[in-house]
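Fold and contact review
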Amino acid sequence: MNKTESSKPKAILSIASIDITIEFDRILHSIMEITCVAMNAHSGTIMLVDEATGEIRIAASHGLGHDYIEKVSDAARKAGVDIASGPQGTAIKTGACYPVPNIFEEHGSRPWHDISREIGFSSGIFAPMNKGTVTTGLLNVHWAKPRKFSDDEIDFVNDIASHAAIVIQNAQMSAGSKNNIQVLRESEAKWVEIKRRLVKDGERRTAIHGIDRDITEKRKMEQQLQEYNEKLKISYKELKEAEEKYRDLFENAGDYMYTLDTEGYFQTINNAGLKILGCTKEEVIGTHISKWLTPESLVVSQEVLKKQISGEKLDYPVTIEVICKNKERRWGEVRTRYIKDGNRITGVHGIARDVTEKKRLEMQLKDYNEKLERSCEELIEADRIKTEFISKITHELLTPLTSIKGFTELLSDETCGDINEEQKKKLDIIYRNTEKLIGLIKELLDIGHLEKNKFGLQFGLVSMNDIIARSIKDIDQQAKEKDIFIISNIEKLPGIWGDEERLTHVLTNILANAIKFTPSKGTVTIMADEAKTGIKISVTDTGIGIPQDKLTRIFERFYQIDGSSNRRYGGAGLGLSICKSIIENHYGSIWAESTGCGSTFNIVLPKLAQRTKKGV
Ligand code: ADP
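Residues numbered from 1 in each chain as written. Predicted model: local features only at pLDDT ≥ 70, side-chain atom pairs only at ≥ 80, totals over all residues. Heavy atoms only, no water.

Things to note about the sheet that holds strand β5 (residues 134-143)
Defined as follows: Two strands form a pair only when DSSP identifies at least two bridges running between them. Helix and strand definitions follow DSSP, with helices as H or I runs of at least four residues and strands as E runs of at least two, each counted in order from the N terminus. Whenever a helix is involved, its axis is fitted only over the stretch in contact; in every case the axis is a line through C-alpha atoms, and angles between N-to-C directions fall within 0 to 180 degrees.
A sheet is described by the order of its strands in space; here five strands give the open sequence β2-β1-β5-β4-β3, paired in antiparallel fashion. Every interior strand has two partners, whereas the edge strands, β2 (56-62) and β3 (98-100), have only one. This sheet shows a mean twist of 20 degrees between the axes of neighbouring strands, independent of strand direction. Here strand β1 (residues 43-49) runs beside β2; their pairing, made up of six bridges, is antiparallel.

So this is what it looks like as structure tokens:
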């Protein structure tokens with residue numbers, strides 16, 4: 001083991017244990033001295049990189065004389081190069097150890113040849129000192145003679161450079177904090193002094209020499225503090241105003257507002273809410289919602305609260321029933337929103353609208369509807385019983401009446417023996433009245449059939465000209481009895497698809513009404529033509545007319561304009577409703593018009609082609 005090898009660990013240990021609190025220059029010299037001794041070197045330097053400017057300078061030297069730094073600077077200036085050029089520059093740039101066996105053969109060392117010769121070194125190792133990936137300086141070791149360096153020697157210089165870098169860093173940090181403490185202490189002392197003087201000299205403090213600058217600084221700070229305080233005051237005022245506005249809104253809102261904690265206990269409630277409940281804030285705050293809700297509404301509310309807290313979607317508004325202090329029940333439509341403190345849900349904010357009146361009306365309406373439904377059901381039942389009764393009674397009446405009519409006819413024909421004129425007249429009256437009765441009963445039967453939708457029309461190709469002619473013939477006698485003139489204005493009409501008997505019944509009914517409601521010596525006009533819309537038949541009389549508001553009502557069952565018991569005209573008010581049903585069953589239409597002097601009844605029936613087109 002040669003000297004260098006044996007002193008290696010010792011040297012590294014010595015460098016690592018340098019007291020970093022001593023003067024910085026002394027630390028650097030110690031590193032250099034230890035290195036040179038351990039390496040048996042001629043001399044050495046430590047170069048440091050300025051962190052802020054990146055400039056490099058020789059911070060310490062060993063064995064090179066006190067004026068070495070000046071000599072190097074002069075040489076660099078003369079050569080017009082940086083002191084970090086040459087081998088040093090190479091080591092810094094590459095971040096790796098750079099051995100130079102012969103400085104005089106190293107082209108980059110040319111500017112330092114003279115100095116090297118003068119001082120007496122010929123070779124060297126230039127090792128970078130690194131902090132992470134950044135090179136913070138160089139440790140350079142020189143030897144008197146040119147020489148080749150072994151790997152061990154290069155590694156050793158490298159190791160020393162690494163340790164030196166750590167020691168230098170620690171020393172710099174220690175010096176920095178020492179400096180900071182010193183600065184702090186000094187400023188503290190200064191402030192103590194300023195304070196003392198200020199107290200002592202009162203207003204004259206600005207005149208005190210040497211502390212003017214500090215006072216100005218202090219004033220600036222005081223001014224800034226004051227401005228900051230002012231801003232703070234304004235912000236606080238604005239905040240307070242906003243809070244007051246919100247409180248005003250909250251307290252005086254028309255809807256009732258409240259906040260609950262996550263358990264359902266009241267934290268706040270506004271005036272509207274208190275008014276509804278009929279109590280004071282103290283009586284509500286801190287109480288649980290269960291105190292103020294019906295059991296059903298409590299379930300709903302707890303469900304809402306749960307959903308709200310778990311972030312589930314809600315269907316709004318939710319209607320709840322509130323129990324007031326005086327036990328009155330009121331309804332509210334509630335909307336809620338959770339309150340958050342950071343990410344934590346701390347409660348629920350609710351807005352409710354009192355909908356008691358609306359709810360009461362709804363309930364009343366529901367009651368009415370139920371009553372109406374019941375009445376409707378009762379009516380339907382009564383109507384069914386009536387129809388059943390009519391159906392039974394009509395059959396019971398029709399049989400004996402048909403027999404009366406038949407026997408009256410036999411008596412009148414003198415089939416059963418001779419009768420005198422007077423007896424014949426009486427028998428004719430019986431016969432006519434029996435016929436009237438049978439007609440009425442048939443109408444009643446038709447109504448029953450209509451209701452059961454069992455009208456049973458017998459459709460076929462029919463001629464309206466024939467039907468009109470037959471109907472006129474049927475009522476001819478009645479017209480003559482009242483001295484009513486019948487005018488007919490009938491075009492040749494095409495055949496239609498219909499029930500001949502029923503259509504004759506309709507026309508006879510309309511004509512009979514026209515005669516019935518027309519005073520004697522009046523006229524009844526029948527017109528019929530082929531229109532685009534179908535076959536149109538009109539019956540116009542010069543009778544009593546129909547008020548405008550009754551023009552549609554007369555087609556209702558049992559409706560008569562004069563329904564009083566002492567009315568002038570007979571009938572049961574069924575004729576027109578039967579006519580309407582028959583016409584509508586033919587896909588036609590019927591309506592009445594009245595101008596004040598007489599009435600017109602119009603019927604339109606579809607033509608054959610139209611019915612085929614419509615598929616009816
Ligand atoms: P009614 O057996 O009473 O004649 P209808 O159903 O045939 O029953 O007629 C209903 C009501 O329509 C009649 O009571 C009458 O008031 C009115 N009415 C019908 N035809 C005419 C008409 N030509 N002139 C005036 N009123 C009429």
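Digging into the packing of aromatic side chains
Put simply, the rule is: For Phe, Tyr and Trp, where Trp contributes only its six-membered ring, two rings pair if their centres lie within 6.5 Å, and the inter-plane angle classes them as stacked under 30 degrees, edge-to-face over 60, or tilted in between. Burial status follows relative accessibility: with a 1.4 Å probe on protein chains alone, a residue under 20% of its type maximum counts as buried, one over 50% as exposed, and anything between as partly exposed. When the NZ atom of lysine or the CZ atom of arginine is within 6 Å of a ring's centre and also within 35 degrees of its normal, the charge is said to sit over that ring.
Under the definition given, this model contains three aromatic pairs. Centroid distance tyrosine 258 to phenylalanine 266: 5.7 Å. Interplanar angle 70 degrees. Geometry classified as edge-to-face. Taking the relative accessible area as the measure of exposure, phenylalanine 266 reaches 8% and is therefore buried. Between phenylalanine 555 and phenylalanine 601 the ring centres are 6.3 Å apart and the planes differ by 65 degrees, which places this aromatic pair in the edge-to-face class. Linking phenylalanine 555 in the loop between β15 (535-541) and α15 (575-585) with phenylalanine 601 in strand β17 (residues 598-605), this pair joins segments that are 46 residues apart in sequence. Like phenylalanine 601, phenylalanine 555 is buried. Geometry around tryptophan 143 places arginine 147 over its ring, the cationic atom sitting 5.2 Å from the centre.

As for the site of the ligand
Which entries qualify depends on this criterion: We call a residue near a molecule or strand as soon as one heavy atom of that residue lies within 4 Å of the molecule or strand. Here a polar contact is taken to be a pair of N or O atoms separated by no more than 3.5 Å, where protein atoms must pair a possible hydrogen donor with a possible acceptor and residues adjacent in sequence count only if both atoms sit in side chains. Note that accessible areas follow from Shrake-Rupley with a 1.4 Å probe, and for residues the cover is restricted to the protein chains shown. Polarity classes work like this: nonpolar for Ala, Val, Leu, Ile, Met, Phe, Trp, Tyr, Cys and Pro, charged for Asp, Glu, Lys and Arg, and polar for all others, with Gly in that last group.
Near the ligand you find 21 residues, and of these Asn513, Lys516, Asp541, Gln560 and Leu576 are the closest. Contact distances for the ligand include 3.3 Å between an oxygen atom and a backbone N or O atom of glycine 575. Between the ligand and leucine 576, the relevant distance is 2.8 Å, taken from an oxygen atom to a main-chain nitrogen or oxygen of the residue. In isolation the ligand offers 530 Å² of accessible surface; the protein chains occlude 96% of this area. The set of elements that each furnish at least two residues to the shell around the ligand consists of α14 (500-516), α15 and β17. Of the residues forming the shell around the ligand, the biggest block, four residues, is contributed by α14. Of the residues belonging to the shell around the ligand, the class tally is 11 nonpolar, eight polar and two charged.

Notes on the packing of α14 against α15
Using the following cut-off: Take the far helix as the reference: if the near one is turned anticlockwise from it by less than a right angle, the crossing is left-handed, and if turned clockwise, right-handed. Two residues qualify as a contact provided that any one of their heavy atoms is within 4.5 Å of a heavy atom in the partner residue.
Put simply, α14 and α15 touch, their axes get as near as 10 Å, and they point 145 degrees apart. Of the two elements, α14 crosses α15, and the hand of that crossing is left-handed. Only Gly575, Leu576, Ile578, Cys579, Ile582 and Ile583 of α15 make contact with α14, whose side of the interface consists of Arg502, Leu503, His505, Val506, Asn509, Ile510 and Asn513. For the contact of α14 with α15, the residue count by class is eight nonpolar, four polar and one charged.

Points about the pairing of β1
β1 sits mainly inside the fold: six of its seven residues count as buried. Note: β1 against β5, six bridges, orientation antiparallel. Each residue of the ladder has a partner; that of leucine 48, found in β5, is glycine 137. Counting the residues between successive antiparallel strands, the hairpin from β1 to β2 contains six residues, one of them, glycine 54, with a positive phi of roughly 80 degrees.

Concerning the pairing of strand β6 (residues 256-261)
Extensive coverage of β6 is indicated by the burial of six of its six residues. Of the two faces of β6, the one lined by Tyr256, Tyr258 and Leu260 and the one lined by Met257, Thr259 and Asp261 are each fully buried. In the sheet, β6 pairs with strand β10 (residues 344-354) via six bridges, with the strands oriented antiparallel. Residue pairing for β10: tyrosine 256 is matched across the bridge by alanine 352. Counted along the chain from β6 to the antiparallel partner strand β7 (residues 266-269), the turn is four residues long, and its residue glycine 264 has a positive phi close to 100 degrees.

Here's the deal with the pattern of salt bridges
Operational definition: Salt bridges are identified by distance alone: a Lys or Arg side-chain nitrogen within 4 Å of an Asp or Glu carboxyl oxygen.
Using the criterion set out here, one finds 24 salt bridges in the structure. The partner of arginine 470 in a salt bridge is glutamate 500, with the nearest N and O atoms 2.7 Å apart. One end of the pair, arginine 470, is in helix α13 (residues 464-481); the other, glutamate 500, is in helix α14, with 30 residues separating them in the sequence. Among the residues examined, arginine 470 registers a relative accessible area of 33% and is labelled partly exposed. Taking the relative accessible area as the measure of exposure, glutamate 500 reaches 32% and is therefore partly exposed. Salt bridges linked by common partners bring Glu328, Arg330, Asp354, Glu357 and Arg360 together as one network.

Considering the nonpolar core
Convention followed: Buried Ala, Val, Leu, Ile, Met, Phe, Trp, Tyr and Cys residues that are joined via side-chain atoms within 4.5 Å together make up what is termed a nonpolar core.
If you look at the biggest cluster of nonpolar residues, it comprises 43 residues, and the most contacted ones within it are Met464 and Ile537. Discounting chain neighbours no more than four positions away, the residues touching methionine 464 are Leu493, Ile496, Leu503, Leu507, Ile535, Ile537 and Leu605. Core analysis: the second largest hydrophobic core is formed by 34 residues, Leu28, Met32, Met39 and Ile160 among them.

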